[in-house]
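One-letter residues, chain by chain:
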Amino acid sequence: MPPHDNRAWLLLIPALALLALVGVLPLLAVVNYGFHDIFSLADIHWVGVEWFADILGSDRFLASLGRSLLFAALVLTIQIPLGLLIARFLIGCGRGAVWGLMLCAIPLVVPWNMIPMLWLGLIDKQTGLLGPAVLASGFDYKETAIHTWILLLTVDTWHWIGLVVVLAYAGLSAIPHAYRQAAAIDGASRWDVFRHIELPRITRALGIVLLLRFVDSFMIYTEAFAINAGGPHDATRFLSIELGEEIKGFSYGQAAARATLYFLIVLTAVWAFVVAMRQKEPA
Amino acid sequence: MTRILGFSALTVFILLPLTQAVILSFTVTMPKPGAVPGEVALANYLAVFADPNLRSAILNSITYVLVNVVLCLAVGLPAAYALARYSFVGDRHFLLLILVFRVTPPVVLSLPIFILFSQLGLVNSPLGIALVHCLFNLPVTIWILESFIRSVPREYDETVFLDGWSFPAFFFRFLIPQIAPGLGVAAFFCFIFSWVEVVFARILTVTAGKPITMAINAMFGFQTDIGMVMAMTCVSLVPGIAMIWIFRNHLARGFILRT
């Protein structure tokens with residue numbers, strides 16, 4: 001146990017001041033705006049919970065919520081098993097593994113607005129490397145909803161698979177070699193090794209992946225907006241795209257109420273993560 | 001054999017979109033002095049560095065990223081030390097607070113931050129972006145530095161204090177050299193996360209101070225010179241890829257969350 005000393009707060013003052021300015025103040029402001037109708041900053045009227053009631057009662061909101069949940073669920077079911085598979089594969093590669101890790105990390109350092117641009121360039125019918133394949137298969141992300149979804153999921157997987165691989169690899173490589181040797185002597189299958197030795201030791205890493213990937217895919221904005229701006233026919237109109245539209249349309253009160261609701265969803269996810277992680281900790 | 005196949009499949013999937021960008025960036029797509037369309041040449045890169053708007057965009061990006069790194073390290077180091085060495089009333093609440101800010105998507109806070117920063121006169125300036133990127137970078141810095149400080153035994157601090165060194169002297173003369181690799185790793189992740197972020201960077205640069213990411217968006221128009229766009233994109237990838245190479249053994253640290 002580290003010594004108890006409340007003077008440690010003095011060392012936190014700079015960090016707290018900075019977070020108060022860029023985090024806490026804006027958060028309080030957004031909650032406050034959510035209860036007002038804002039024509040301009042000089043013309044603000046109290047409307048109570050009207051915006052919240054409007055949003056929660058609208059079918060459009062529920063539809064977007066459903067789409068965002070479905071997208072997040074698909075992202076998690078694709079990326080977590082795939083990332084684990086790649087990480088296990090890299091563990092078997094010995095010294096070559098670091099090359100695989102660096103490869104997977106490359107998309108993480110690409111500025112977010114360039115990711116959709118790179119992919120749209122790749123599948124461009126005239127100039128893209130995959131253009132001929134796109135033409136031959138009749139793939140049309142602009143008009144066919146299922147194709148937009150496939151493209152978005154592919155792009156998101158390309159962007160974020162490195163996060164899953166890097167964290168899973170770090171967890172897996174920390175397992176002492178003796179564990180696997182012992183399992184091999186007992187004649188355990190690959191699945192048994194994964195289920196009983198590896199999985200219990202990477203739950204923490206998986207928890208982190210789950211939280212980061214859930215929040216980012218649930219609130220996907222940059223890629224989804226650049227690829228089809230919510231279309232075709234609202235088929236990829238996710239929660240964050242509705243928020244972006246309201247901000248661009250200057251309906252600040254409603255946008256603030258919406259942002260508050262989204263923040264509460266994020267807060268719930270964080271809270272669930274913290275509760276789960278603290279249960280795992282040795283008492 | 002399966003190993004080679006697996007590695008090739010992974011390589012193709014990851015590198016395909018980038019290959020296209022690299023090829024296009026070396027292909028002249030619009031007439032330029034001394035180069036005709038279709039030719040393979042450096043003309044696009046020369047054009048990027050000759051364009052004053054793009055040059056200043058590169059400079060803007062570098063400025064706010066570096067200011068952000070310095071801010072995060074300066075503010076994060078004392079906080080990380082406090083969390084690594086002491087327990088105190090509310091330490092877990094502080095950890096929860098920074099965890100929440102780490103994962104909150106920028107789009108949720110973009111509206112109030114824009115309003116607040118325009119009242120403070122921080123719109124269109126690199127300082128504004130540098131400050132707001134601390135929202136997710138400061139937690140990352142604190143967690144990384146805390147883990148490095150924890151790996152230094154507590155007895156080390158106590159010996160220095162017994163020798164009569166003051167607290168600031170301990171910080172600058174002993175602690176910082178001890179955890180220098182940690183400062184490097186933290187700086188790497190602050191750099192990268194700030195470099196790739198676009199939602200705040202867009203909303204806080206209305207008329208001036210545009211970063212690279214926004215300058216690229218502005219290059220799309222009636223007649224887009226796609227070769228030049230891709231050259232600019234490749235330029236923006238260079239620092240990130242260089243840093244992946246330098247910090248290849250620490251890639252997992254940037255995505256750790258503490259509770």
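Criteria and cut-off values
Position labels on residues start from 1 in each chain and follow its written sequence. Chains carry letters from A onward and ligands carry numbers from 1 onward, assigned in written order. Local features in this predicted model are restricted to residues of pLDDT 70 or higher, and side-chain atom pairs are both shown and tallied only at a pLDDT of 80 or more, whereas totals for entire chains, interfaces and linings draw on every residue. The basis for the side-chain values is all heavy atoms of the structure; hydrogens and waters are excluded. Helical segments are the DSSP runs of H or I of at least four residues, strand segments are the runs of E of at least two, and each set is numbered from the N terminus. The contact criterion used is simple: two residues touch if any of their non-hydrogen atoms lie within 4.5 Å. Each accessible area value is a Shrake-Rupley result obtained with a 1.4 Å probe; residue values ignore everything except the protein chains displayed when judging cover. Under the convention used here, Asp and Glu are negative, Lys and Arg are positive, and both His and the chain ends fall outside the count. A charged residue contributes its charge at one atom only: NZ of Lys, CZ of Arg, CG of Asp or CD of Glu. By salt bridge we mean one thing: a side-chain nitrogen of Lys or Arg within 4 Å of a carboxyl oxygen of Asp or Glu. Categorising residues by exposure relies on relative accessible area from a 1.4 Å probe, with only protein chains included: less than 20% of the type maximum marks a residue as buried, more than 50% marks it as exposed, and the intermediate range marks it as partly exposed. Counting of polar contacts relies on pairs of N or O atoms within 3.5 Å, with two restrictions inside protein: one atom must be capable of donating a hydrogen and the other of accepting it, and residues adjacent in sequence are counted only when both atoms are side-chain atoms. As a working definition, buried area equals the accessible area (1.4 Å probe) given up by two parts on being put together, with both sides summed. Residue polarity follows a fixed list, in which Ala, Val, Leu, Ile, Met, Phe, Trp, Tyr, Cys and Pro are nonpolar, Asp, Glu, Lys and Arg are charged, and the others, Gly among them, are polar. You can read pLDDT as the predictor saying how much it trusts each residue, on a scale of 0 to 100. Given the number of residues in a helix, its expected span is that number minus one, multiplied by 1.5 Å. Bend is computed residue by residue as the angle between axes fitted to the seven residues ending at the residue and the seven residues starting at it. Note on terminology: a nonpolar core comprises buried Ala, Val, Leu, Ile, Met, Phe, Trp, Tyr and Cys residues joined through side-chain atoms within 4.5 Å. Only the six-membered ring of Trp is used, alongside the rings of Phe and Tyr, when aromatic pairs are assigned; centres must lie within 6.5 Å, and planes under 30 degrees apart are stacked while those over 60 apart are edge-to-face, with the rest tilted. Throughout, a disulfide means two cysteine sulfur atoms within 2.5 Å of one another. Lines are fitted to the C-alpha atoms to define the axes, a helix being fitted only along its stretch in contact, and any angle between axes, read from their N-to-C directions, falls within 0 to 180 degrees. With respect to orientation, any angle under 35 degrees is reported as roughly parallel, any angle over 145 as roughly antiparallel, any angle of 65 to 115 as roughly perpendicular, and every other angle as oblique. By definition, turning the near helix anticlockwise from the far helix through less than a right angle yields a left-handed crossing, and turning it clockwise yields a right-handed one.

**Notes on the overall build of chain A**
Here comes step 1: The number of helices and strands found in chain A is 13 helices and two strands.
Here comes step 2: Projected onto its principal axes, the C-alpha positions of chain A cover 75 × 70 × 30 Å.
Here comes step 3: Looking at chain A alone, contacts between residues at least 24 apart form 67% of all its contacts between residues at least 6 apart.
Here comes step 4: A total accessible area of about 12900 Å² is found for chain A, and carbon and sulfur atoms account for 67% of it.
Here comes step 5: Distance from the positive charge centre (18 side chains) to the negative charge centre (20 side chains) of chain A: 12 Å.

**Let's talk about the pattern of salt bridges**
Residues and elements named next belong to chain A.
Here comes step 1: All told, the structure shown has 12 salt bridges over all chains when counted by the stated rule.
Here comes step 2: We note a salt bridge from E245 to R237, for which the minimum N-O separation is 2.8 Å.
Here comes step 3: Of the residues examined, E245 reaches a relative accessible area of 36% and is grouped as partly exposed.
Here comes step 4: Looking at R237, the relative accessible area reads 7%, which means it is buried.

**Here we look at the side chain of D156(A)**
Residue and element names in this part refer to chain A.
Here comes step 1: Turning to its location among the elements, D156 is positioned in helix 7 (residues 145–173).
Here comes step 2: What makes D156 buried here is its relative accessible area of 2%.
Here comes step 3: At 2.9 Å, the side chain of D156 and the side chain of Q79 are in polar contact.
Here comes step 4: Every residue in contact with D156, bar those within four places of it in the chain, is listed here: F71, V75, Q79, R213 and I220.

**Some remarks on the interface of chain A and chain B**
Here comes step 1: Facing 90 residues of chain A, the contacting portion of chain B comprises 86 residues.
Here comes step 2: Contact with chain B buries surface across chain A, with L11(A), L19(A) and V109(A) losing the most and accounting together for 8% of the total.
Here comes step 3: The interface formed by chain A and chain B contains zero salt bridges.
Here comes step 4: Our enumeration of links across chain A and chain B arrives at 13 residue pairs in polar contact (both at pLDDT 80 or more).
Here comes step 5: Mapped onto the side of chain A that touches chain B, the elements with two or more residues apiece are helix 1 (9–33), helix 3 (59–91), helix 4 (97–105), helix 5 (114–122), helix 7, helix 10 (203–218), helix 12 (239–248) and helix 13 (252–280) of chain A.
Here comes step 6: Looking at the side of chain A that touches chain B element by element, the count peaks at 18 residues for helix 1 of chain A.
Here comes step 7: Along the lines of polarity and charge, the residues of the side of chain A that touches chain B split into 73 nonpolar, 13 polar and four charged.

**Regarding the confidence of the model for chain A**
Here comes step 1: Summary statistics for chain A give a mean pLDDT of 86 and a share of 98% for residues scoring 70 or more.
Here comes step 2: Mean pLDDT values for the elements of chain A range from 75 in strand 1 (residues 36–40) of chain A up to 91 in helix 3 of chain A.

**Side note on helix 3 (residues 52–85) of chain B**
Residue and element names in this part refer to chain B.
Here comes step 1: In a regular helix each residue adds 1.5 Å, so 34 residues correspond to 50 Å; helix 3 covers 49 Å between its end C-alpha atoms and thus fits that length.
Here comes step 2: G76 marks the point of greatest bend in helix 3, at about 35 degrees, and the proline P78 comes within the next four residues.
Here comes step 3: At the N-terminal boundary of helix 3, the capping side chain belongs to D51, with an oxygen 2.8 Å from the backbone nitrogen of N53.

**Describing the nonpolar core**
Here comes step 1: Counting residues in hydrophobic clusters, the biggest one holds 198 residues, and the most contacted among them are L211(A), F117(B), I142(B) and M232(B).
Here comes step 2: With sequence-adjacent residues up to four places away left out, M232(B) is seen in contact with V48(B), L54(B), I58(B), I212(B), A215(B), I216(B) and M219(B).

**Comments concerning the confidence of the model for chain B**
Here comes step 1: Summary statistics for chain B give a mean pLDDT of 87 and a share of 99% for residues scoring 70 or more.
Here comes step 2: Taken element by element, chain B is modelled with least confidence in helix 12 (residues 212–218) of chain B, mean pLDDT 83, and with most confidence in helix 7 (residues 134–150) of chain B, mean pLDDT 92.

**Notes on the packing of aromatic side chains**
Residue and element names in this part refer to chain A.
Here comes step 1: For the coordinates displayed, the defined rule picks out 31 aromatic pairs over all chains.
Here comes step 2: Geometrically, the ring pair formed by F214 and F218 is stacked, given 5.1 Å between the ring centres and 15 degrees between the ring planes. Here the residue F214 and the residue F218 both occupy positions in helix 10, the gap between them amounting to four residues, near one helical turn.
Here comes step 3: A residue is classified by how much of its surface remains accessible, and F214, at 21% relative accessible area, is partly exposed.
Here comes step 4: Judged by its relative accessible area of 2%, F218 is buried.

**Focus on the side chain of E223(A)**
All names here are of chain A.
Here comes step 1: With respect to the helices, strands and loops of the structure, E223 is situated in helix 11 (residues 222–228).
Here comes step 2: Look at E223: it is buried, it has no salt bridge, and the nearest opposite charge is R213 at 7.0 Å.
Here comes step 3: Not counting residues up to four positions away in its chain, the partners in contact with E223 are I115, P116, L152, V155, H159 and W160.

**Some thoughts on unusual backbone geometry**
Here comes step 1: Positive phi values are uncommon outside glycine, yet D234(A) reaches one of about 65 degrees.
Here comes step 2: What makes D234(A) partly exposed here is its relative accessible area of 31%.

**A closer look at the state of the cysteines**
Here comes step 1: Per the stated rule, a full pass over the model turns up zero disulfides over all chains.
Here comes step 2: Left without a disulfide partner, C104(A) is nearest to the cysteine sulfur of C93(A), which lies 11 Å away.
Here comes step 3: Free of any disulfide, C72(B) has its nearest neighbouring cysteine sulfur in C134(B), separated by 3.8 Å.

**Observations concerning the environment of L167(A)**
Here comes step 1: Note on placement: L167(A) falls in helix 7.
Here comes step 2: Residues L167(A) and S68(A), spaced 99 residues apart in sequence, show a C-alpha to C-alpha distance of 25 Å.
Here comes step 3: Not counting the four nearest positions on each side in its chain, L167(A) is found in contact with A205(A), I208(A), V209(A), A252(B), F255(B) and I256(B).

**Side note on the packing of helix 3 of chain B against helix 9 (residues 167–178) of chain B**
Residue and element names in this part refer to chain B.
Here comes step 1: Helix 9 packs onto helix 3 with a crossing angle of 95 degrees between their chain directions and a minimal axis gap of 13 Å. The orientation of helix 3 with respect to helix 9, classified from their angle, is roughly perpendicular. Facing L77, P78 and Y81 of helix 3, the residues of helix 9 in contact are F167, F170, F171, L175 and I176.
Here comes step 2: Residue composition of the contact of helix 3 with helix 9, grouped by class: eight nonpolar, no polar and no charged.

**Some words on the packing of helix 4 (residues 91–103) of chain B against helix 7 of chain B**
Residues and elements named next belong to chain B.
Here comes step 1: Interhelical geometry of helix 4 versus helix 7 gives an angle of 130 degrees and a closest axis separation of 8 Å. Considering the angle they form, helix 4 stands oblique to helix 7. Helix-helix and strand crossings are classified by hand; for helix 4 and helix 7 the assignment is left-handed. Residues F94, L95, I98, L99, F101 and R102 of helix 4 form the contact with helix 7, whose participating residues are L135, F136, P139, V140, I142 and W143.
Here comes step 2: Split into classes, the residues belonging to the contact of helix 4 with helix 7 amount to 11 nonpolar, no polar and one charged.

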